[in-house]
Amino acid sequence: MSHQPVRPGRSDPKDFLAIDALLDDDERLIRDTVREFVADRILPGIADWFEAGRFPKELALEMGKLGLLGMHLDGYGCAGTSNVAYGLACTELEYGDSGTRSFVSVQGSLSMFPIHAFGSEEQKQEWLPRMAAGEVIGCFGLTEADAGSDPSSMRTHARRQGGDWVINGSKMWITSGGIADVAIVWAQTDEGIRGFIVPTDTAGFVANDIHHKMSLRASVTSELVLTDVRLPESFMLPDVVGMKGPLSCLNEARFGILFGVMGAARACYEAALDYAGTRIMFSKPIASFQLIQRQLVEMMIATNRGMLLAMHLGRMKDAGTLTSSHISFGKLDNVRTALEVSRTARSVLGANGITLEYPVIRHMNNLESVFTYEGTNEIHTLILGQAITGIPAFS
Amino acid sequence: MKIAVCVKQIPDPATPYALDPITHFVVRPAEQVLDDTDRYGIELGLQLAEASGGTVTLVSMSPVGNLQGIRQALAMGADKAVVVNDPALRGSGALVTARVLAAAIAREEADLVITGTESTDGYAGVVPQMIAELLDLPALTFARKVTLEGTTLKVERQTAGGYDEVEATLPALISVTSGAVEPRYPTFKGIMQAKQKPVDQPTAADLGLEPATVGAAGSGQVISEVRPAPERSGGVKIKDEGEAHLEIVKLLERAKVI
Ligand SMILES: Cc1cc2nc3c(=O)[nH]c(=O)nc-3n(C[C@H](O)[C@H](O)[C@H](O)COP(=O)(O)OP(=O)(O)OC[C@H]3O[C@@H](n4cnc5c(N)ncnc54)[C@H](O)[C@@H]3O)c2cc1C
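Residues numbered from 1 in each chain as written. Chains lettered and ligands numbered in written order. Predicted model: local features only at pLDDT ≥ 70, side-chain atom pairs only at ≥ 80, totals over all residues.

The number of helices and strands found in chain B is seven helices and 11 strands. Along the three orthogonal principal directions, the C-alpha set of chain B runs to about 65 × 50 × 40 Å. A buried classification covers 39% of the 258 residues belonging to chain B. Pairs at least 24 residues apart make up 73% of the contacts formed inside chain B by residues separated by at least 6 positions. (Helix = DSSP H or I, 4+ residues; strand = E, 2+ residues; numbered from the N terminus. Buried ≥ 20, exposed ≤ 12 C-beta atoms within 10 Å, placed from the backbone. Contact = placed C-beta atoms within 7 Å.)

Across its full length, chain A holds 10 helices and nine strands. Once the C-alpha set of chain A is aligned to its principal axes, its extents read approximately 80 × 55 × 45 Å. A buried classification covers 50% of the 395 residues belonging to chain A. Sequence-distant contacts, at least 24 apart, represent 75% of the contacts inside chain A between residues at least 6 apart.

On to the sheet that holds strand S1 (residues 2-6) of chain B, then. Residues and elements named next belong to chain B. Taking strand neighbours across the sheet as the criterion, the nine strands line up as S9-S8-S7-S10-S6-S1-S4-S5-S11 in an open arrangement whose pairing is mixed. Each edge of the open sheet is held by one strand with a lone partner, namely strand S9 (163-169) and strand S11 (199-200). Sheet topology places strand S4 (residues 55-61) next to strand S5 (residues 80-84); five bridges connect them, and they run parallel. By the bridge assignment, Met-61 is partnered in S5 with Val-84. Seen against the sheet, helix H1 (residues 38-52) touches S1, S4, strand S6 (112-115), strand S7 (139-149) and strand S10 (172-176) and runs at an angle of roughly 175 degrees to S1. (Pairing = 2+ DSSP bridges. Axes fitted to C-alpha atoms, helices over the stretch in contact; angles between N-to-C directions.)

Bringing the nonpolar core into the picture now. Counting 181 residues, the largest nonpolar core has Phe-196 and Ala-272 of chain A together with Val-5 and Val-100 of chain B as the members making the most contacts within it. Top element by residues in this core is helix H6 (residues 244-278) of chain A. It accounts for 18 residues. Apart from the residues within four sequence positions on either side, Ala-272 of chain A is in contact with Leu-296, Met-299, Ala-345, Val-348 and Leu-349 of chain A. (Core = buried A, V, L, I, M, F, W, Y, C linked by C-beta atoms within 7 Å.)

On to the site of the ligand, then. Residue and element names in this part refer to chain A. In the vicinity of the ligand lie 21 residues, with Thr-143, Gly-148, Ser-149, Thr-376 and Glu-378 positioned nearest. Those elements that place two or more of their residues in the shell around the ligand are strand S1 (138-141), strand S3 (164-175), helix H9 (360-372) and helix H10 (377-389). Of the residues belonging to the shell around the ligand, the class tally is 10 nonpolar, nine polar and two charged. Two domains each donate at least three residues to the shell around the ligand, and these are domain 2 (138-235) and domain 3 (244-389). (Near = placed C-beta within 6 Å. Nonpolar A, V, L, I, M, F, W, Y, C, P; charged D, E, K, R; others polar. Domains from an automatic or database assignment.)

On the side of chain A, 14 residues touch chain B, which itself brings 11 residues to the contact. Within the residue set of the side of chain B that touches chain A, elements represented by two or more residues are helix H2 (68-76) and helix H5 (188-194) of chain B. A class-by-class count of the residues in the side of chain B that touches chain A yields six nonpolar, three polar and two charged.

The general pattern is negative phi for most residues beyond glycine and trans for most peptide bonds. Put simply, Leu-170 of chain B and Pro-171 of chain B share a cis peptide bond, and its omega is -5 degrees. Here Pro-171 of chain B is to be found in the loop between S9 and S10. With a phi angle near 70 degrees, Ser-176 of chain A is a residue other than glycine that sits in the positive phi range. Note that Ser-176 of chain A resides in the loop between S3 and strand S4 (182-189). At Phe-142 of chain B, a position not held by glycine, the phi torsion is positive, near 55 degrees. For Phe-142 of chain B, the location among the structural elements is in strand S7.

Here we take up the domain arrangement of chain A. Accessible area lost upon the coming together of the parts is a frequently used measure of interface size. Residues and elements named next belong to chain A. As far as domains go, chain A holds domain 1 (19-132), domain 2 (138-235) and domain 3 (244-389). The straight-line distance from the C-alpha centre of domain 2 to that of domain 3 is 30 Å. With 10 residues of domain 2 at the interface, the matching set in domain 3 holds nine residues.

Further remarks concern the packing of helix H3 (residues 83-96) of chain A against H6 of chain A. Residues and elements named next belong to chain A. Running from amino to carboxyl end, H3 crosses H6 at an angle of 40 degrees, the nearest separation of the two axes being 7 Å. As far as their axial angle goes, H6 and H3 are oblique. In terms of crossing hand, the pair formed by H3 and H6 is right-handed. Here H3 contributes Asn-83, Tyr-86, Gly-87, Leu-88, Cys-90, Thr-91, Glu-92, Leu-93, Glu-94 and Tyr-95 to the contact with H6, which in turn contributes Phe-255, Gly-256, Phe-259, Gly-260, Val-261, Met-262, Gly-263, Ala-264, Arg-266 and Ala-267. (Parallel < 35°, antiparallel > 145°, perpendicular 65-115°, else oblique. Left-handed = near helix turned anticlockwise from the far one by under 90°.)

Turning next to H1 of chain B. Residue and element names in this part refer to chain B. The terminal C-alpha atoms of H1 lie 21 Å apart, and with 15 residues this matches the ideal 21 Å at 1.5 Å per residue to within 8%. With 11 of 15 residues buried, H1 lies mostly within the body of the structure. Turning to H1, its buried residues number three or more, namely Asp-38, Arg-39, Tyr-40, Gly-41, Ile-42, Glu-43, Leu-44, Gly-45, Leu-46, Leu-48 and Ala-49. In the stretch just after H1, Gly-53 is the one whose phi turns positive, near 70 degrees. (Expected span 1.5 Å × (residues − 1).)

Before going further, it helps to spend a moment on the confidence of the model for chain B. Within chain B, residue pLDDT values average 89, and 99% of them lie at 70 or more. In the predicted assembly, ipTM is 0.87 and pTM is 0.91. (pLDDT = per-residue confidence, 0-100.)

Residues and elements named next belong to chain A. Take Val-166: it is sitting in strand S3. When the C-alpha positions of Val-166 and Asp-25 are compared, they lie 49 Å apart, and in sequence the two are 141 residues distant. Apart from residues lying up to four places away in sequence, Val-166 is in contact with Ala-158, Arg-159, Gln-161, Asp-228, Val-229 and Arg-230.

Here it is, written out as structure tokens:
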């Protein structure tokens, strides 16, 4: 290859490293389609939904029609896109709001994925097409009030009675719990931890929504209570026993998150850049002050770096070389980066930064949840610590 | 029913256009996108095809470049595409464009031809009417509403003061305005399938067009000079002392906007 001289010139402030050029045609088209969907259907309503504490459930069918739900799964009504395409869709959704991205993550990666990966053929036929269409909404019950970072200490259990399973226990902090038609519930059994497909209209199942949240307000978070929930054998996921089941779902969802949060970061950076260019103080746009320029540049660099990391991990996932500790790297670094960007943007916007007129404080508050769920910063640090030292330091 | 929808790939409108210093045509970069206004014609074509069990064929003349815009249109649901891709077409004006598209449409034996009203990048706004003339079809232009009953097309035709109700029997050509229908998003399944859909790429000669009738030679026109539009002058400033709104209403009335 001939030596190419470095071209002088400016770069696009909104795609500084020309990451767009890393995408193939399908990926670009999927990204642009989700971007347009978010601009048309999410951005106009999101401030109101956030303030009202409401998830726009009516969007589920529209998302299904587009192909967003379980998009990277094959067959059963799913589109079967690349992992990078799935990641890019998460980025665009979370540019809108972490709540709408969470809904899609929970539906595709946490509810459909376990059925797709560990379900029987009958279970797949029964649930996946309707879930892909958005007609059936799923949720994922792993965490309990007293089992968070250490989910293997869960107390929810299932016992065999005749040919049936009887499940007792409760789950906490469950996204989409109160609007779900079906819950993937993980429970202790004599054989180890097992997954169950629990229709939410089964007798003994109750979902109580959690109110007074200051984060992910445009998303439903609930407690699930299971009292003598009786289900036939055919509602148990046959092909997995142990923590491998829920953890492999989490890996899928974390992959979406490490792309997704860069959408939230980009929204905050763009809002700050636009604002700094037009806000006049001391007779000048505030973008002309060195201190503000530094903040803008830090946000720009952080957002581009995070997106490059996501693309790299995405290409590895498509090539089959991605490990769960790579995902921990991405989840840990990209979420904390996005949170920092959102806080910086909040400061650049001054008083306007605390209103829902601008997206930044909404993203900033949302990212606090994203920081905690799907493995906290500390837990991913410990995973990485074990990966490089060989020594587990969890307990 | 066979429906042909004319679509165009254009340079990304978000990037500044360059004009060729000799031909004065818009320079076409390798990366092109679907002209956004074509999505209305595609949507209408898909709706009519779905209602009648017909097919939608995209017809385009695209001298150079990728097929991303065509793929986007296929991803919306069109069945196949014919892209006349031939270096001999460089420098073609509106009449040659119409001639090429008409030849491609004739080969498809379309019952209905749908176009936009004009392209976004460079346009004369006459290609739809020229295609109709060349194919000897009735042209129902500037449609803001379209219904098909059997083989009768009924169209509300946008005019300066309102609309005309016009109708024609198939085969026919209609040009649709933005807003006639709400274009659908391409679905992900559609995007994944678009690559497998046939994209026929004939040359002008394959369509039976003589070299002398296409390209710069066949156009019968040259763009002799291009000048930038004059800068806008300052406008009118109205100082508001409580009555400014009346002044503005008067201005709008004079401009026949209200
Ligand atoms: C909005 C929202 C939605 C959620 N959705 C779901 C869902 O759909 N399904 C689901 O199953 N769960 C869900 N969760 C739960 C989430 O996964 C848990 O909150 C998370 O795993 C942390 O558990 P915890 O809150 O109990 O915190 P804890 O585990 O009690 O942690 C508290 C603090 O201690 C730290 N810590 C814990 N252990 C260690 C250690 N060994 N070393 C160092 N520090 C440690 C943590 O990092 C954290 O800072 C959701 C949570 C939120 C906030």
